[in-house]
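Chains, contacts and geometry: an overview
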Amino acid sequence: MINQNLQLNSKGRLKHFLTIEGLSAKILNEILDTAESFVSMSQQQVQKFPLLRGKTIVNLFFENSTRTRTTFELAATRLSADVINMDIATSATSKGESLLDTINTLEAMHVDMFVVRHPLSGAAHFIAQHTSPHISIINAGDGQHAHPTQAMLDVFTIRQHHKNFSQLKIAIVGDILHSRVARSQIQALNTLGAKEVRVIAPKTLLPAHIESLGVKAYHDMKQGLNDIDVIIMLRLQKERMNSAFLASENEYFNCFGLTEKKLKLAKKNVLVMHPGPINRGVEIASSVADGHKSLILQQVSNGIAVRMAIMSMAMQIKGTSL
Amino acid sequence: MKTIEIKNGRIIDHANKIDQLGSLYIARGKIIALFNKPKGFKADKIINAKDYIVCPGFIDLSCRLREPGQTQKATIASETKAAASAGVTSLCLPPDTQPVIDTPAVTELIKDKAEKVNYPNIYPIGALTQGLRGDKLSSMVALKSAGCIAVSNANAPLDNLVILRRAMEYAAGHNLTIFYRPDEVSLSHNGCAHEGLMATHYGLPGIPEAAESIAVAQCLELAELTGCQIHFSQISCKRSVIKIQQSKKYGLNVSADVAIHQLHLSENDIEPFNSFYHVLPPLRSKDDKKYLQEALANGTINAICSDHQPHDLDAKLGAFPETEAGISSLETLLPLSLRLVENHILSLPHVLASLSSEPAMILGLKTGSFTIGYDADVCIFDPQKKWKINHKNWLSSGKNTPFWKHTLKGRVIHTLQKGNLIYTLEKT
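Given the structure is predicted, the values throughout are model-derived calculations rather than measurements.

Now for the packing of aromatic side chains. This structure, assessed with the given rule, holds six aromatic pairs over all chains. Judged by centre distance (5.2 Å) and plane angle (65°), the rings of Phe 38 of chain A and Phe 49 of chain A are edge-to-face. With a gap of eleven residues between them, Phe 38 of chain A in helix H2 (residues 25-43) and Phe 49 of chain A in the loop between H2 and strand S1 (56-61) connect regions that are remote in the sequence. For the pair formed by Phe 38 of chain A and Phe 49 of chain A, the shared burial category is buried. Geometry around Phe 72 of chain A places Arg 307 of chain A over its ring, the cationic atom sitting 4.8 Å from the centre. Positioned above the aromatic ring of Trp 387 of chain B, the side-chain terminus of Arg 411 of chain B is 4.1 Å from the ring centre.

Let us now look at the side chain of His 278 of chain B. Residue and element names in this part refer to chain B. Inspection of the secondary structure assignment puts His 278 in the loop between strand S14 (254-259) and helix H9 (286-297). His 278 sits in the buried class, given a relative accessible area of 4%. Those residues within four positions of His 278 in sequence are excluded, and the remaining contacts are Cys 192, Lys 316, Phe 320, Pro 321, Thr 323, Glu 324, Ala 325 and Gly 326.

Looking now at the interface of chain A and chain B. With 23 residues of chain A at the interface, the matching set in chain B holds 18 residues. Carbon and sulfur atoms supply 67% of the area buried between chain A and chain B, which totals about 1700 Å² over both sides. Counting across the interface, chain A meets chain B through zero salt bridges. The tally of links between chain A and chain B comes to four residue pairs in polar contact (both at pLDDT 80 or more).

Below, the discussion takes up the nonpolar core. All names here are of chain A. Grouped together as the largest cluster of nonpolar side chains are 94 residues, with contacts concentrated most on Met 152, Ile 231, Leu 258 and Met 311. Among the elements that take part in this core, helix H12 (residues 296-314) stands out by supplying ten residues, more than any other. Aside from chain neighbours lying at most four places away, what touches Met 152 is Phe 17, Ile 20, Leu 28, Ile 31, Leu 32, Val 306 and Ile 310.

A word on the packing of helix H4 (residues 161-173) of chain B against helix H7 (residues 209-226) of chain B. Residues and elements named next belong to chain B. Axis separation between H4 and H7 bottoms out at 10 Å; the angle between their running directions is 45°. By the angle class used here, H4 and H7 are oblique. Here the hand of the crossing between H4 and H7 comes out right-handed. The residues of H7 that touch H4, namely those facing Leu 161, Leu 164, Arg 165, Met 168, Glu 169 and Ala 172, are Gln 218, Cys 219, Leu 222, Ala 223, Leu 225 and Thr 226. Grouping the amino acids of the contact of H4 with H7 by side-chain chemistry returns eight nonpolar, two polar and two charged.

All names here are of chain B. In contact at an axis separation of 8 Å, helix H8 (residues 238-249) and H9 are set at 30° when each is read in the N-to-C sense. In terms of orientation, H8 and H9 fall into the roughly parallel class. Of H9, the residues touching H8 (which contributes Lys 238, Val 241, Ile 242 and Gln 245) are Asp 287, Asp 288, Tyr 291, Leu 292 and Ala 295. Among the residues forming the contact of H8 with H9, the class breakdown is five nonpolar, one polar and three charged.

Residues and elements named next belong to chain A. Spatial strand order, S2-S1-S3-S4: four strands in an open sheet with parallel pairing. Because the sheet does not close on itself, it has two edges, and the strands there are strand S2 (82-87) and strand S4 (136-142). With strand direction ignored, the average angle separating the axes of adjacent strands in the sheet is 15°. Note that S1 and S2 share six bridges and pair parallel. The residue of S2 that forms the bridge with Val 58 is Ile 84.

Reading the values: rules and limits
Each chain carries its own residue numbering, running from 1 in the written order of its sequence. Written order determines the labels here, with chains lettered from A and ligands numbered from 1. Restriction of local features to residues with pLDDT of at least 70 applies here, the model being predicted, together with a cutoff of 80 or more for giving and counting side-chain atom pairs; totals for whole chains, interfaces and linings are based on all residues. Heavy atoms from the whole structure form the basis of all side-chain values; hydrogens and water molecules are not counted. Stacked, edge-to-face and tilted are the three classes for Phe, Tyr and Trp ring pairs, Trp counted by its six-membered ring, which pair at centre distances within 6.5 Å; planes under 30 degrees apart are stacked, over 60 edge-to-face, the rest tilted. Strands here mean DSSP runs of E at least two residues long; helices mean DSSP runs of H or I at least four residues long; both are numbered from the N terminus. Whether a residue is buried, partly exposed or exposed follows from its accessible area with a 1.4 Å probe, protein chains only, as a fraction of its type maximum: under 20%, in between, or over 50%, in that order. Our definition puts a charge over a ring when NZ of Lys or CZ of Arg is within 6 Å of the ring centre and also within 35 degrees of the ring normal. Only heavy atoms enter the contact rule, under which two residues are in contact if any of them lie within 4.5 Å. Two parts placed together each lose some accessible area; with a 1.4 Å probe, that loss summed over both constitutes the buried area. Whenever a carboxyl oxygen of Asp or Glu lies within 4 Å of a side-chain nitrogen of Lys or Arg, that contact is scored as a salt bridge. Within 3.5 Å is the distance limit for a polar contact, defined as a pair of N or O atoms, with the added protein rule that one can donate a hydrogen and the other accept it, and that residues adjacent in sequence qualify only through two side-chain atoms. Only buried residues count toward a nonpolar core. Its members are Ala, Val, Leu, Ile, Met, Phe, Trp, Tyr and Cys residues joined through side-chain atoms within 4.5 Å. Axis lines are fitted through C-alpha atoms, for helices just across the contact stretch, and the angle between N-to-C directions can take any value from 0 to 180 degrees. For classification purposes, an angle smaller than 35 degrees is called roughly parallel, one larger than 145 roughly antiparallel, one from 65 to 115 roughly perpendicular, and anything else oblique. Handedness of each helix crossing follows the sense of rotation of the near helix against the far helix: counterclockwise by less than a right angle gives left-handed, clockwise gives right-handed. In this count, Pro and Cys sit with the nonpolar residues alongside Ala, Val, Leu, Ile, Met, Phe, Trp and Tyr, while Asp, Glu, Lys and Arg are called charged and the others, Gly among them, polar. In this analysis, strands are considered paired if DSSP registers two or more bridges between them.

In structure tokens, the structure reads:
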């Protein structure tokens, strides 16, 4: 299991944010509460907080991502930090520079925090283990392992509608096998005490022993969506079609695509979520994505407040004390 | 030094059914007598082995020395020193050196280096296919005459079954054993961990057991067809063991080894993203580990090897999937093997046999036991001595072991190779 001490300092406070695993419900709730305070404050049209003034944050993206990077950038800017974006997807490491050299080089520029996205599982842990103690690492997605800030903004969005997780049944639908988002969501929902977490996917897209993560697995939407409060749809990478994971987009949509008709299988007041970007007509019908049950855009806005909360907490600043 | 008496030790030689206190007599590099001093024998040197176990030196079926080609990781000089300190008196070198062992020249280069470092018992394994590319047969006859003890495609894929069939026929015709590390690459593709609990948990690309067991099944079918002598290297899972067990039951003469770490570690032991646990075949489930132990006890698996793969630290610095696979395991071979005895999985004589007489049989070598007239390859160890792995105690250039800083029990005191004392533990 993940060593808790790597993420927490000696006082048990957040130092790095690498994975949901090993974090207590107390810390997760603290993140959610802090994020809440940022949301209510931004509703008062306060744009910037001086919490991270003088701090330098580097968005270190070894893999392309416009949205996640943009929300991290906005979050950091609203906290008054200086932000540098580094897209290393195709530059330094492909020239043979090792991950460690890249980190060391940037570290020499007196950085306070790295926000890291990397195509390999474990990259954020590796970086956290090899940087100076004063630097915080936020995992913005590593391989198929974890995407904890996404999971936190998802549970934050759910909490805005349902205060009590212990009554909730949530279904995550789609490519669980390759999804770091799903792994982090499952851990967050289970830590917060959700009544039931289900995954629904064709067998090709479910990893071995998935039940060990604390979920029930279904291969059929009819059974899987029965009595569900929240449906989280995952993005289906189109290249999965070419590697024998699936037969065709059409067949996938027919079986697992979320349509108005399938939505009726769940509870009446069901909520629909998606970490984005969505593939309309592949995993979700436009009418559902844009419908009144959809929280997809709300998730995006919440992403900023949640990331502000995590960044300020990792820098040992209490957002709620403002 | 011409004559040696090793006295007062507990002499264990499973192949000759010996387990008794007494003396071992050596002259001109050979075992000349046990227990009873030959007439007129005068020892030039006496080694007191009181409280120690005296057993045949270990024969390692898979040990990378990284030379030629990767001397930043290790050298023949550094690793043979480590081998001597581990009681290993013969070792087989897989052909994936750089250049590959697919010509007599490379074979001879290695043999020459072995002589130079006074560790003559290095047995190169020749490449099964040219450059290990899996398309053209290597000149196996020439490799054999140059000193290759077997042929293998090491960890390189051999996905064309026609090539494998022809290679097996060709090898069979020249009495060469094929060392086969079963791996169906289309199934293990890009994997770095056992497709199980931990891979799912940490999002690591998985390797299913079937990637190995399917390759075992294919190879067994072809062994039957071609009559080739097959030795399976580094079996890692229950399903492979079952296949081998069945074929042995029906009279097929195959053998198998297991890497020492597979008998002690499972996927559950992997510290999150700690690249020292990155090894191929991957650490499997607890159930697989238990089955491998049983397979060793019931003889389905014949031998234990170190599967020693020393790395420089750079090779292990990075995100888990991008690090190089392999454990530096020569020096933990004996202590971890002794743990099997302590855990009541195997008897001490049986464990020692799986490190000596069994691999000797697989290789067709006249060593691995104290038969009179055999080379005096001897390991003398203290089964009780505890030691902590640290820079001072460790001789291999590869420090990549998940057991680093662990305290282990069992330490080699002396190692003799062809009657030469090649290692003595320094007094601390």
